[in-house]
Structure formats: C-alpha cells, structure tokens
Amino acid sequence: MVPLIPKYVYLFKGIKGVSVLAIDNVATKLILIGDGRVGKTSLCSHLRTKSIPGKYNLTVGLNIEVHETLMTGTAVKLVLWDLAGQQRFGCIRSDFYMGARVALIVFDVQNRGSFFDVKHWIRELKRHSPNTPFILVGNKKDLLKREVSTEEAKRVAEEYSAFYFETSALQGENVEELFQMATRLALQGTAVAY
Ligand SMILES: Nc1nc2c(ncn2[C@@H]2O[C@H](COP(=O)(O)OP(=O)(O)O)[C@@H](O)[C@H]2O)c(=O)[nH]1
Ligand SMILES: [Mg+2]
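Reading guide: rules and limits
- Residues numbered from 1 in each chain as written.
- Chains lettered and ligands numbered in written order.
- Predicted model: local features only at pLDDT ≥ 70, side-chain atom pairs only at ≥ 80, totals over all residues.
- Helix = DSSP H or I, 4+ residues; strand = E, 2+ residues; numbered from the N terminus.
- Buried ≥ 20, exposed ≤ 12 C-beta atoms within 10 Å, placed from the backbone.
- Contact = placed C-beta atoms within 7 Å.
- Near = placed C-beta within 6 Å.
- Nonpolar A, V, L, I, M, F, W, Y, C, P; charged D, E, K, R; others polar.
- Core = buried A, V, L, I, M, F, W, Y, C linked by C-beta atoms within 7 Å.
- Pairing = 2+ DSSP bridges.
- Arc of directions from axis to C-beta.
- pLDDT = per-residue confidence, 0-100.

*Asks:* What's the story with the overall build of the chain in this structure? I'm lost.
*Replies:* Looking only at helices and strands, the chain features seven helices and seven strands. Reading the chain from its N end, one meets helices and strands in the order α-β-α-β-β-β-α-β-α-α-β-α-β-α. Going through the 194 residues of the chain one by one, you find that 31% of them count as buried. Relative to all contacts within the chain whose residues are 6 or more apart in sequence, the contacts with residues 24 or more apart total 71%.

Here's what the structure looks like:
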C-alpha cells in the first residue's frame, strides 16, 4: 500500500494544476491616480507580500505589479498600474488609462490640495476612459490632524455614484477591503462569478 500514496498525491496535484491553469487567465487592470505623495505606492506595497514579482518599467515611469486574489473561489490576477513618478494630471500618457477596468483615485486626508485635485483626476479619467468605474480613497487616516472630513469626501464620491474608502497604507487599515471591492468592480460585466 505504501507506494500508492505518492502516486495518489501526484494525481491529485495534477488535477489541481489543471484547474489552476484553467482559471489562470482571469486578469484585470487597476490603475492608481492622484497627486504625488498621497500613498499610492504604499497602498500597493501593503499587498506586496501576497503578490508575485511584477515588472518594473523605468522607461515609461511605471510600476506594474501583479496581485493574485480570490473571488469566491476564482483566482484573479489584479494587475496594478502605479505611476513611478509624481506626474500631474494632464501629463499622463493615454496608454496608462487604456483598458483599465477600475481606478483608485487617491488623496491624502491631511492634505486639502490633494483633495481639491480629485476633481481634475476624475475629469482626466472620464476623458481617457469614460467607462472605467472608480473608487475614491482618502488615505493616511491614521493621522490625527485632518484637513478633509469623511462627510465631505463621501459627498464627492456620491456625486459620481462612486464608493468611498478611508485607508491607512501605513497601518494596513481597510487596504484589503479596498482591493477586494476594486476587484469586484473590475470584474463587473465579465463572465467570472464573484
Ligand atoms: N502616516 C501615513 N503615511 C503614509 C501613508 N501612506 C503613505 N504614507 C507616507 O507618505 C509618503 C508618500 O507615500 P507614497 O506611497 O510614496 O505616495 P505616492 O507618491 O502617492 O506613491 C511616504 O513617506 C509614505 O510613508 C499612511 O497611510 N499614513
Ligand atoms: Mg508612488
């Protein structure tokens, strides 16, 4: 009986391997936009330990990372497009927006200017990719000296029928929930059950 055990395990691994391959091609593009230093890269970093190594492309000033997640049993590759520099709205190439299934528009709750610029980022997203849904993200919620209240940010999100999340990329608060919701939005209208 002993030699049968490794054989059985091998067969089981084989079946598992096939099923993983079958669902492996569910990939979806997420972009992060917002002023510099609001925490876009930090939000991605929080997911990094669970991510497979992504591509770092200096030429176009982009960090592209792949984060694997599960949506009710289906493996999904969330491809995160994060600008490597401190680009301003109006300066970003249109191929950055192309094919984006969901966008995170991030501001810093301690920086009123970054909240003010949210409207410009929304306009830019609508211009390049009018059908891409977005989530408004107020980051650095761990900081006590706020310049933007939750109510105020919620009102802007409601204006565009968007979700609003408050996160702390530093402490990891609400980050997992944010990306789960983003994945849900990204997969809307695809054949994947979630
Ligand atoms: N207190 C606090 N600092 C943060 C948070 N997220 C990012 N930071 C800090 O803000 C700075 C800019 O973050 P970064 O992720 O590079 O911003 P990006 O330019 O939007 O990608 C860094 O010094 C981070 O450590 C947060 O949630 N709370
Ligand atoms: Mg960055």
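*Asks:* Help me out: how do you make sense of the site of ligand 1 in this one?
*Replies:* Taken together, 14 residues surround ligand 1, and among them Gly39, Lys40, Thr41, Ser42 and Leu170 come closest. Its residues assigned to classes, the shell around ligand 1 shows four nonpolar, six polar and four charged.

*Asks:* How do you make sense of the environment of serine 161 when you look at a structure like this?
*Replies:* With respect to the element layout, serine 161 can be found in the loop between α6 (150–159) and β7 (163–166). Separated by 26 residues in the primary sequence, serine 161 and isoleucine 135 have C-alpha atoms spaced 9.4 Å apart.

*Asks:* What am I meant to see in the nonpolar core here?
*Replies:* For soluble globular proteins, the rule of thumb is that nonpolar side chains tend to be buried together. Formed by 39 residues in total, the largest nonpolar core has its most connected members in Leu30, Leu32, Ala103, Leu104 and Ile105. When residues of this core are traced back to their parent elements, those giving at least two are β1 (27–33), α2 (40–48), β4 (74–83), β5 (102–108), α5 (118–128), β6 (134–139) and α7 (175–187).

*Asks:* So what exactly am I meant to see when it comes to the pairing of β5 here?
*Replies:* Remark: a regular strand shows side chains that alternate across the two faces of the sheet. In terms of residue burial, β5 counts as a mostly covered element, since seven of its seven residues are buried. The side-chain alternation of β5 yields two buried faces, one formed by Val102, Leu104, Val106 and Asp108 and the other by Ala103, Ile105 and Phe107. In terms of strand pairing, β1 meets β5 through four bridges, oriented parallel. Along β5, the bridge assignment pairs leucine 30 with valine 102.

*Asks:* Explain the environment of glycine 90 to me, please; I cannot follow it from the model alone.
*Replies:* By the element assignment, glycine 90 lies in the loop between β4 and α3 (94–97). Under the C-beta neighbour-count criterion, glycine 90 is labelled exposed, with 9 such atoms within 10 Å. Sequence separation of glycine 90 and tryptophan 121 is 31 residues, and the distance between their C-alpha atoms is 8.8 Å.

*Asks:* How should α2 be read in this particular structure?
*Replies:* Along α2, the positions that sit buried rather than exposed are Lys40, Leu43, Cys44, His46 and Leu47. Taken down its axis, α2 places every buried residue within 150° of arc, on the same side.

*Asks:* Mind showing me how you'd approach the confidence of the model for the chain here?
*Replies:* Should pLDDT be low for a region, the predicted coordinates there are not to be read in detail. Averaged over all residues, the pLDDT of the chain is 82; the fraction at 70 or higher stands at 78%. Between residues 1–24, whose pLDDT stays under 50, and residues either more than four places distant or in other chains, the model counts four contacts.

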